[in-house]
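# Architecture and fold: a report
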Amino acid sequence: MINRDQAARILKDYGQEHILKYFDELSENEKQELLSQIEIIDFSVLDNLDAEKNSNTVRGKFEPLGAVTIEDIASNSDEYISAGVEAIKNGKAAAVLLAGGQGTRLGFDKPKGMFNIGVEKELYIFQCLINNLMDVVKLAGAWVPLYIMTSEKNHKDTTDFFKEKNYFGYAPKYVHFFIQDMAPSVDFNGKILMESKSKISISPNGNGGWFSSLVRAGLLDEIKANGVEWINVFAVDNVLQRIADPGFIGAVIKSGLQSGGKVVSKASPDEKVGVLCLEDGMPSIVEYYEMTEEMRTLLNEKGELAYKYGVILNYLFNVKKLEEICDRKMPVHVVDKKIPYMNENGELVKPTEPNGHKFETLVLDMVHMQDSCLAYEVVREKEFAPVKNATGVDSVESARELLEANGIKI
Ligand code: UTP
């Protein structure tokens, strides 16, 4: 373990000396706690505050990317579904649920998956997802191994909840949890926030590190030993998410492409959604705020939006390729968030507006590391009901309406 002087030197290099402000007041245990945090934290992430201006924001040349459309899928559905079911039966597909986020916009202080979206009955977000996956298990007659990424902050709550609810009927043997890495949070002046006098404010470092965290947790050996070739990665907050969808898996396998991404047609040119496209000839996602007016409104020869296909955080990756790109450095995004912090008087404040930055890597950047990606169009009303906010757009209310419209009793 480092000592106080060593810690002070590290902090000085990064202009973070304030972290030791209360050191002398701390108990022996608290001192050790703080020093061990300083030892483990990768402070180099702070370099991205400057790098933000250059490296991450420099993008290549964007071009539109077509998709297999809902119509194409309908006319080939038997072929796709049987190829997908075959892969699942043979144990070639697994799923990874990204559940390490903090869901700050929802304002629910437990893991988002524990949110009860039911009205007249209990229906938790995790339960919706498991129910959706059970449809596939029943169709294929085989369990799909499910890996759930949590963070240090919500791991215990999440695992206890699954146990308490008997995994919502899923076979516990096929459910594995792993914990993602953390990164420090800073205020808008780049100073690391403290949670208490002895505790640096850290938060999950984004969903992009899921594969490296899975490897570090020792789960890759098992995945490979079981013959898994495809991993379907998906977000916790879409209650209509189709997981390990045989049609999607089958279409990607049949296409011979290296990966796949589920997409929906944009509701309007200005919809705030990332679009699957090409960047310097490679698959990529252009964020809505990166699109110029010309890109947003550009039409193709059919008179449709050229940049039409929005991503819904449901991707299919190939294990071999993931292993190849695992050690590649991913871009770090600096995002504004509401971060609880200790103020000058030593009191914990829970801000109602964003008060600082978190550092996150994003799964969507993995798409740009693929040689090719099949955009697979799905019906928005059937597969996309995100729960991001408490009210308004992409909210509990809108997700409830969509669940009901799909015949799900809430
Ligand atoms: P979001 O980008 O919506 O972030 O996550 P969030 O932290 O859940 O919510 P807000 O922005 O604070 O309101 C998209 C998906 O990625 C997962 C989330 O759990 C969700 O499934 N995620 C996000 C992680 O697994 N780890 C992270 O560090 C961040």
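Residues numbered from 1 in each chain as written. Predicted model: local features only at pLDDT ≥ 70, side-chain atom pairs only at ≥ 80, totals over all residues. Heavy atoms only, no water.

- Taking an unreviewed UniProt entry as the reference, the protein is identified by name as UDP-N-acetylglucosamine/UDP-N-acetylgalactosamine diphosphorylase belonging to Ruminococcus flavefaciens.

## Focus on the overall build of the protein
- Each helix and strand counted, the protein has 15 helices and 19 strands in total.
- Relative to a compact globule of 410 residues, whose C-alpha radius of gyration would be 22 Å, the protein shows 22 Å and is just as compact.
- For the protein, the C-alpha atoms occupy an extent of roughly 70 × 50 × 45 Å along the three principal directions.
- Here the protein, with 410 residues, has 53% of them falling under the buried criterion.
- Sequence-distant contacts in the protein: of pairs separated by 6 or more residues, those separated by 24 or more amount to 75%. (Helix = DSSP H or I, 4+ residues; strand = E, 2+ residues; numbered from the N terminus. Rg over C-alpha atoms; globule rule 2.2 N^0.38 Å. Buried < 20%, exposed > 50% of the residue type's maximum accessible area, 1.4 Å probe, protein only. Contact = heavy atoms within 4.5 Å.)

## Things to note about the site of the ligand
- Around the ligand lies a shell of 20 residues, among which Leu 98, Thr 104, Gln 180, Lys 337 and Lys 388 are the nearest.
- Within the backbone of Arg 105, an N or O atom sits 2.8 Å from an oxygen atom of the ligand.
- Here an oxygen atom of the ligand and a side-chain polar atom of Lys 388 are 2.7 Å apart.
- For the ligand, whose unbound accessible area comes to 560 Å², protein coverage reaches 91%. (Near = heavy atom within 4 Å. Polar contact = N/O pair within 3.5 Å; in protein donor to acceptor, adjacent residues only side chain to side chain. Areas by Shrake-Rupley, 256 points an atom, 1.4 Å probe, with all protein chains shown as cover.)

## Side note on the sheet that holds strand β6 (residues 186–187)
- Strand order in the open sheet formed by three strands is β6-β18-β15, and the pairing between neighbours is antiparallel. In the strand order of this sheet, the two ends are held by β6 and β15 (333–337), each with one partner.
- Looking at chain direction, β15 and strand β18 (residues 356–360) are connected through five bridges and run antiparallel. Bridge pairing in β18 places Val 334 opposite Phe 359. (Pairing = 2+ DSSP bridges.)

## Things to note about helix α5 (residues 77–89)
- Taking 1.5 Å of rise per residue, 13 residues should cover 18 Å, and α5 covers 18 Å from first to last C-alpha, within 8% of that figure.
- Along its buried surface, α5 packs onto α4 (70–75), β2 (93–98), α6 (125–140) and α10 (246–255).
- Gly 91 sits one or two residues past α5 and shows a positive phi near 70°. (Expected span 1.5 Å × (residues − 1).)

## Overview of the packing of α5 against α10
- Where α5 contacts α10, the axes come no closer than 6 Å and their chain directions differ by 95°. One element, α5, and the other, α10, form an angle in the roughly perpendicular class. For the pair α5 and α10, the contacting residues are Glu 79, Tyr 80, Ile 81, Ala 83, Gly 84, Val 85, Ala 87 and Ile 88 in the first and Pro 246, Gly 247, Ile 249, Gly 250, Ala 251, Ile 253 and Lys 254 in the second.
- Residues of the contact of α5 with α10, tallied by class, amount to ten nonpolar, three polar and two charged. (Axes fitted to C-alpha atoms, helices over the stretch in contact; angles between N-to-C directions. Parallel < 35°, antiparallel > 145°, perpendicular 65-115°, else oblique. Nonpolar A, V, L, I, M, F, W, Y, C, P; charged D, E, K, R; others polar.)

## Quick word on the pattern of salt bridges
- On inspection of all chains with the given rule, the structure shows 22 salt bridges.
- Ionic pairing is found between Glu 79 and Lys 254, a salt bridge with its closest N-O pair at 3.9 Å. Placement of the pair is Glu 79 in helix α5 and Lys 254 in helix α10, with a sequence separation of 175 residues.
- Residue Lys 254 is classed as partly exposed on the basis of its relative accessible area, which comes to 48%.
- Between Lys 388 and Asp 237 there is a salt bridge whose closest N-O contact spans 2.9 Å. Of the two residues, Lys 388 sits in the loop between α14 (380–383) and α15 (396–405) while Asp 237 sits in the loop between β10 (230–235) and α10, which places them 151 residues apart along the sequence.
- Through salt bridges that share partners, Arg 59, Glu 279 and Glu 290 make up one connected network. (Salt bridge = Lys/Arg side-chain N within 4 Å of Asp/Glu carboxyl O.)

## A word on the packing of aromatic side chains
- Within this structure, the stated rule accounts for 17 aromatic pairs.
- Judged by centre distance (6.0 Å) and plane angle (15°), the rings of Trp 143 and Tyr 174 are stacked. Placement of Trp 143 in the loop between α6 and β3 (146–150) and of Tyr 174 in the loop between α7 (155–164) and β4 (175–179) is noted, with a sequence separation of 31 residues between them.
- Their ring planes at 45° and their centres at 5.9 Å tell us that Phe 162 and Tyr 167 sit as a pair that is tilted. In this pair, the class of Phe 162 matches that of Tyr 167, namely buried.
- An aromatic cluster of at least three residues, connected via ring pairs, comprises Tyr 124, Phe 126, Phe 161, Phe 162, Tyr 167, Phe 168 and Phe 177. (Phe/Tyr/Trp six-rings, centres within 6.5 Å; stacked < 30°, edge-to-face > 60°.)

## Section: α6
- With 16 residues, α6 extends 23 Å between its outermost C-alpha atoms, agreeing within 8% with the 22 Å of an ideal straight helix rising 1.5 Å per residue.
- Counting buried positions along α6 yields twelve of 16 residues, so the element is predominantly enclosed.
- Its buried side turned inward, α6 meets α5, β2, β3, α7, β10 and α10.

## Regarding the environment of Thr 159
- As for its position among the elements, Thr 159 is in helix α7.
- Remark: the alpha-carbon pair of Thr 159 and Arg 9, spanning 150 residues in sequence, is separated by 39 Å.

## Describing the side chain of Ser 185
- Along the chain, Ser 185 turns up in the loop between β5 (182–184) and β6.
- A distance of 3.3 Å separates a polar atom in the side chain of Ser 185 from a polar atom in the side chain of Ser 203.
- Ignoring sequence-local partners within four residues, the contact set of Ser 185 consists of Lys 191, Ile 192, Leu 193, Ser 201, Ile 202, Ser 203, Ile 339, His 357 and Lys 358.

## Side note on the pairing of β18
- The element β18 is largely enclosed, with a buried count of five among its five residues.
- Along β18, one buried face is formed by Gly 356, Lys 358 and Glu 360 and the opposite face, lined by His 357 and Phe 359, is buried too.
- With two bridges connecting them, β6 and β18 associate as antiparallel partners. Its bridge partner lying in β18, Val 186 is registered against His 357.

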